[in-house]
Amino acid sequence: MGEVTVDYVGEALSTMSLSNDEQCVLLGCLDNELRLFDRSSGELLSSYRGHKHHQYRIGNCLTNDDAFVVGGSEDGKVYFWNLVEGNVIHKFDAHYRAISCISYHPRSISMLTASADGMVKLWTT
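Okay, so let's go over this structure. This structure is a prediction, so every number in the text was calculated from the model and none was measured.

Brief notes about the pairing of strand β1 (residues 13–18)
And then number 1: Two elements, β1 and strand β2 (residues 24–29), share five bridges in a ladder whose sense is antiparallel. Bridged to methionine 16 within β2 is leucine 27.
And then number 2: Here β1 hands over to β2 after five residues, with glutamate 22 in that stretch at a positive phi of 60°.

Focus on the sheet that holds strand β5 (residues 60–62)
And then number 1: Taken in spatial order, the four strands of this open sheet run β5-β6-β7-β8, and their pairing is antiparallel. Of all strands in the sheet, those bounded by a partner on one side alone are β5 and β8 (88–93). Averaged over all adjacent pairs, the angle separating strand axes in this sheet is 15°, with direction ignored.
And then number 2: By the bridge criterion, five bridges tie strand β7 (residues 77–82) to β8 in an arrangement that is antiparallel. In the strand pairing of β8, tryptophan 81 is matched with valine 88.

A few points about the state of the cysteines
Covalent bonding between the sulfur atoms of two cysteines is what defines a disulfide.
And then number 1: Across all of its chains, the model carries zero disulfides by this definition.
And then number 2: Between cysteine 24, a free cysteine, and cysteine 61, which holds the nearest cysteine sulfur, the sulfur-to-sulfur gap is 14 Å.
And then number 3: The exposure class of cysteine 24 is buried, given its relative accessible area of 16%.
And then number 4: Cysteine 29 takes part in no disulfide bond, and the closest cysteine sulfur, belonging to cysteine 24, lies 15 Å away.
And then number 5: What makes cysteine 29 buried here is its relative accessible area of 0%.

Let's talk about the side chain of serine 46
And then number 1: Inspection of the secondary structure assignment puts serine 46 in strand β4 (residues 44–49).
And then number 2: We classify serine 46 as buried; its relative accessible area is 14%.
And then number 3: Setting aside anything within four residues of it in sequence, one finds serine 46 in contact with Leu34, Arg35, Leu36, Leu83, Val84 and Gly86.

About the thresholds
Numbering of residues starts from 1 in each chain and follows the order in which that chain's sequence is written. Totals for whole chains, interfaces and linings use all residues, but because this is a predicted model, local features are given only for residues with pLDDT of at least 70 and pairs of side-chain atoms are given and counted only at 80 or more. The side-chain figures draw on all heavy atoms in the structure; neither hydrogens nor water molecules are used. Note on pairing: two strands pair once DSSP finds at least 2 bridges between them. Helix and strand assignments follow DSSP, with helices taken as H or I runs no shorter than four residues and strands as E runs no shorter than two, numbered in order from the N terminus. Between the N-to-C directions of two axes lies an angle of 0 to 180 degrees, each axis being a line fitted to C-alpha atoms and, for a helix, fitted only over the stretch in contact. Defined by distance alone, a disulfide is two cysteine sulfur atoms within 2.5 Å. Burial classes: relative accessible area under 20% of the type maximum marks a residue as buried, over 50% as exposed, and values in between as partly exposed (1.4 Å probe, protein chains only). Any two residues whose heavy atoms approach within 4.5 Å are treated as being in contact.

Printed below as a string of structure tokens:
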């Protein structure tokens, strides 16, 4: 058997994703907050607010260069936060219902979103 490490976050969790360098864990909490933790120490590095996330599973991830946090919202918006500063740098209407999944392309500037509205959308620049 292996080893297990436990960390208590304090809020109900609905999503989890790793940074591309696998050094950080991004958690989606049902208190309208995303939290970024150092994977090895468990230290809380930053938190991100502004979106609605209190009832459903809402997708989140980091951009392919780990410079920005991307998160969905129960109101169908997509938010981009500066990873280090934690401020919202961009938000837009993506769907008309909750965003259940976001996936950022590993090499190009594009992402997929999926929603409770039944649609999957590809976003490119």
